[in-house]
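Examining the three-dimensional arrangement
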Amino acid sequence: MASEEVIKVEDVHLEENLEGEKEEKEELVCPFSLKLLKDIKEYQNLHGLKHDDFQRYRQYCTRRLNRLYKGLKFLHGSKKFSNKKITPELFVKDIRYMYIILIRAERAWAYAMDLKQFANTEPRKQVHLIHKLKKAVLYAAELEKNCVTLKCDTTTQLEAKAYHHYMAGMLLFEQTHWQRAVISLTAAQKIYNKLAEAVEDGALYREKHAEMSPKVQYCLYNIQSSGGLGAAPPGEEGLMEE
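Residues numbered from 1 in each chain as written. Predicted model: local features only at pLDDT ≥ 70, side-chain atom pairs only at ≥ 80, totals over all residues. Heavy atoms only, no water.

1. Thoughts on unusual backbone geometry
Definition in use: Think of it this way: any DSSP run of H or I at least four residues long counts as a helix, any run of E at least two long counts as a strand, and we number them from the N terminus. The buried label goes to any residue with under 20% of its type's maximum accessible area, the exposed label to any with over 50%, and the partly exposed label to all in between, with areas taken from a 1.4 Å probe on protein chains only.
In this structure, Lys-73 is a non-glycine residue whose phi angle is positive, near 55 degrees. Structurally, Lys-73 is set in the loop between helix H3 (54-71) and helix H4 (88-93). The class of Lys-73 is exposed, set by a relative accessible area of 67%. The phi dihedral of Lys-151 falls on the positive side, at around 55 degrees, and the residue is not glycine. Mapped onto the elements, Lys-151 comes out in the loop between helix H6 (123-149) and helix H7 (154-174).

2. Description of H7
Our working rule: Residue count minus one, scaled by 1.5 Å, sets the expected span of a helix.
Between its terminal C-alpha atoms H7 stretches 31 Å, which fits the 30 Å expected from 21 residues at 1.5 Å a residue. By the criterion of burial, H7 is predominantly enclosed, with 16 of the 21 residues buried. Of the residues trailing H7, Thr-176 is marked for its positive phi of about 60 degrees.

3. Considering the nonpolar core
Heads up, the rule is: Nonpolar cores are built from buried Ala, Val, Leu, Ile, Met, Phe, Trp, Tyr and Cys residues. Side-chain atoms within 4.5 Å join them into one set. Every residue pair with non-hydrogen atoms within 4.5 Å of one another is taken to be in contact.
Membership of the largest hydrophobic core comes to 69 residues, with the highest contact counts inside it found for Met-98, Ile-100 and Trp-109. In this structure Trp-109 touches Gln-44, Leu-49, Phe-54, Tyr-57, Leu-133, Ala-136, Tyr-166, Met-167 and Met-170, once residues within four positions along its chain are discounted.

4. Points about the packing of H3 against helix H5 (residues 96-119)
The following threshold applies: Orientation is described by axes fitted as lines to C-alpha atoms, over the contacting stretch for helices, and by angles from 0 to 180 degrees between their N-to-C directions. Oblique is the label for any angle not covered by the other classes, which are roughly parallel (under 35 degrees), roughly antiparallel (over 145) and roughly perpendicular (65 to 115). Two helices crossing with the near one rotated counterclockwise from the far one by less than a right angle form a left-handed crossing, whereas a clockwise rotation gives a right-handed crossing. Any residue outside Ala, Val, Leu, Ile, Met, Phe, Trp, Tyr, Cys, Pro, Asp, Glu, Lys and Arg is labelled polar, Gly included; the first ten of those are nonpolar and the last four are charged.
Two elements in contact, H3 and H5, have axes separated by 8 Å at closest approach and are oriented at 160 degrees. Looking at the two axes, H3 sits roughly antiparallel to H5. In the packing of H3 onto H5, the handedness of the crossing is left-handed. Grouping the amino acids of the contact of H3 with H5 by side-chain chemistry returns 13 nonpolar, four polar and seven charged.

5. Some words on the confidence of the model for the protein
As a reminder, the rule being used: Note on scores: pLDDT gives the predictor's confidence for each residue, bounded by 0 and 100.
For the protein, mean pLDDT is 82; residues scoring 70 or higher make up 78% of the total. Within the model, the stretch residues 1-30 combines pLDDT values under 50 with 36 contacts to residues more than four positions away or in other chains.

6. Overview of the side chain of Gln-44
Position of Gln-44 among the secondary structure elements: in helix H2 (residues 36-46). Excluding anything up to four places from it in sequence, Gln-44 contacts Leu-49, Lys-50, Tyr-57, Glu-106 and Trp-109.

7. So, the packing of H6 against H7
Where H6 contacts H7, the axes come no closer than 9 Å and their chain directions differ by 165 degrees. One element, H6, and the other, H7, form an angle in the roughly antiparallel class. As for the relative orientation of H6 and H7, their crossing is left-handed in sense. Here the contact of H6 with H7 is built from residues that sort into 16 nonpolar, four polar and four charged.

8. Observations concerning the state of the cysteines
What counts is decided by this rule: Pairs of cysteine sulfur atoms within 2.5 Å are what we label disulfides.
Under the counting rule described, the total for this entry stands at zero disulfides. Cys-152 provides the cysteine sulfur closest to Cys-147, a residue in no disulfide bond, and the two sulfurs are 4.2 Å apart. Relative accessible area serves as the criterion here: at 0%, Cys-147 is assigned to the buried category.

9. Comments concerning the environment of Leu-68
Along the polypeptide, Leu-68 turns up in helix H3. Take Leu-68: its relative accessible area is 1%, and that puts it in the buried class. Residues Leu-68 and Tyr-99, 31 residues apart in the sequence, show an inter-C-alpha distance of 8.5 Å.

Rendered as structure tokens:
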């Protein structure tokens, strides 16, 4: 059986050059398995976010996307930009197409977080920030949808769902929709808790859960300050409506 391990995006030379035709067909039958949170954390820690350098991380995401486009020959035209769609059929051919969506979401989020540093003094930056976060949410939703369509393994589907909740929560937080934000963020936390309990070493999931806690507390504080009755139980209501 072909390995279910994620093919690293950096590997420009595809493994199918070394594998037989039979192994390729068998690989397509197996559930796809992606280590989304692990990969995201590695990208972030190695490319600026240890020092909150969001601009550096955004630039890295752009370079990574360009390498993916070239490696997959997924080009948008040399003269006129053509927004080519990524279909489920492409994922079956090469799982790196899934990483295009992930890195697009990360780049939009990093751009928003970079703008956030100036949003208090420049109101137009806040408008641009919201626009970028909306794009990140759309990419996260696309990622989750494709993980379900491709019947990825349970862990991958849960990680994609938590990622979507997280991005939606970040957008709602910046829009000061406190109740909906806390619903999305706590929904993501609930999933990460479940994943942490299901694996032998759940430190990464617990770390992500803890990372969101200050924002959840800030949402609850604002809900109480405005006379709200508190947040509803975690659920889909926090996600942005399409």
